[in-house]
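# Observations on the model geometry
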Amino acid sequence: MRLLLLGPLALLDAQGNPVAVSGTKRRATLAALALRGTVSTDRLVAELWGNTPPANASNALQAHITRLRRALTAAGGEPDRIVTGPSHYTLVLRPGERDTVDFDSAVDSARRAADPIPPLRSALALWRGPALSGCVLGDICAAEADALDERRLTALELLYDASLRAGRHREVVGELARSTAAHPLRERFYEQLIVALRRCGRRTDAVEVYDRARRRLRAELDVEPGPGLRRVIASMP
């Protein structure tokens, strides 16, 4: 079986076929367990119902766990993949059963590789949308989703840096333009886009990108561009 968390949560069997995990609360429970391993019963109740749990919250949680065990078994996992403790639940996962681990492994390999571009491309290809989309109800999944999305953005920055070092600026200039549009407060993407445009001989466009970044930062954060962005624009001939 395999759990996909880099996008909408998905559970796959050994042949890659999807196994249904119905209900937002059930998906949130599975996601929290997949990412934390062991989660206390109280934390899971808070994850699913916040400050207004039902009177029978423990029983309702147990019902979700029972159905999750059935789904995991249908996906080819053993019946005891979710272990019940005195006040917690633990999800047992094997190597290769979670896409987040594969993503981190590929990024780590890229940091050591002579050519980091292929492993970074492989890592980023695992993403199917915002992390944990459709199953964020409480603090656990919200925090984990934010952390995963930040790791994706860091991997993108590494990819763009590697591409610029390799003289492949034309390959990534379009991707960088989309990244600045999608993440308009992330200065590093602006820096990289300006470098790529400059190397493509598009000086006017590079200056326009800087001006756009400056206006956005002022309007939304009331700050001026940071030293990295100022340095990049100042270094232009």
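Overview of the structure.

Scoring rules and cut-offs
All residue numbers refer to positions counted from 1 along the written sequence of the respective chain. The predicted nature of this model means local features are confined to residues of pLDDT at least 70 and side-chain atom pairs, given and counted, to a pLDDT of 80 or more, with totals for whole chains, interfaces and linings taken over all residues. Excluded from the side-chain calculation are hydrogens and water; included are all heavy atoms of the structure. The nonpolar core is taken to be a set of buried Ala, Val, Leu, Ile, Met, Phe, Trp, Tyr and Cys residues, with the residues joined through side-chain atoms within 4.5 Å. Three labels apply to residues, based on accessible area from a 1.4 Å probe with only protein chains included: buried if under 20% of the type maximum, exposed if over 50%, partly exposed otherwise in between. Under the scheme used here, helices are H or I runs from DSSP no shorter than 4 residues and strands are E runs no shorter than 2 residues, and both carry numbers assigned from the N terminus. The contact criterion used throughout is that any non-hydrogen atoms of two residues lie within 4.5 Å. Polar contact is defined as a pair of N or O atoms within 3.5 Å, subject to the rule that within protein one atom must be able to donate a hydrogen and the other to accept it, and that residues adjacent in sequence are counted only when both atoms are side-chain atoms. Patches in this entry comprise residues that are over 30% relatively accessible and not in a salt bridge; like charges within 9 Å are linked, as are nonpolar side chains (Val, Leu, Ile, Met, Phe, Trp, Tyr) within 5 Å. Areas reported as accessible are Shrake-Rupley estimates using a 1.4 Å probe. Residue values count occlusion only from the protein chains shown. A carboxyl oxygen of Asp or Glu within 4 Å of a side-chain nitrogen of Lys or Arg is what we treat as a salt bridge.

The next thing to look at is the nonpolar core. Counting residues in hydrophobic clusters, the biggest one holds 73 residues, and the most contacted among them are Leu11, Leu132 and Ile194. Here this core gets 11 residues from one element, more than from any other, and that element is helix 6 (residues 139-165). Apart from residues lying up to four places away in sequence, leucine 11 is in contact with Met1, Arg2, Leu3, Asn17, Pro18, Val19, Val21, Ala71, Leu72 and Ala75.

Another aspect to go through is unusual backbone geometry. Unlike most non-glycine residues, leucine 132 shows phi in positive territory, near 60°. Note that leucine 132 resides in the loop between helix 5 (117-124) and helix 6. Taking relative accessible area as the criterion, leucine 132 reaches 0% and is therefore assigned buried. Even without being glycine, aspartate 222 reaches a positive phi, approximately 55°. Structurally, the position occupied by aspartate 222 is in the loop between helix 9 (203-221) and helix 10 (227-234).

Here we come to the environment of glutamate 150. With respect to the element layout, glutamate 150 can be found in helix 6. For glutamate 150, a relative accessible area of 37% corresponds to the partly exposed category. A polar contact of 2.8 Å, which involves the side chain of glutamate 150, links it to the side chain of arginine 186.

A few words on a nonpolar patch on the surface. Side chains of Leu185, Leu221 and Val223 sit close together on the surface and give an oily, nonpolar patch of about 220 Å² of accessible area. Mapping valine 223 onto the fold places it in the loop between helix 9 and helix 10. On the basis of relative accessible area, valine 223 is assigned to the partly exposed category, the value being 36%.

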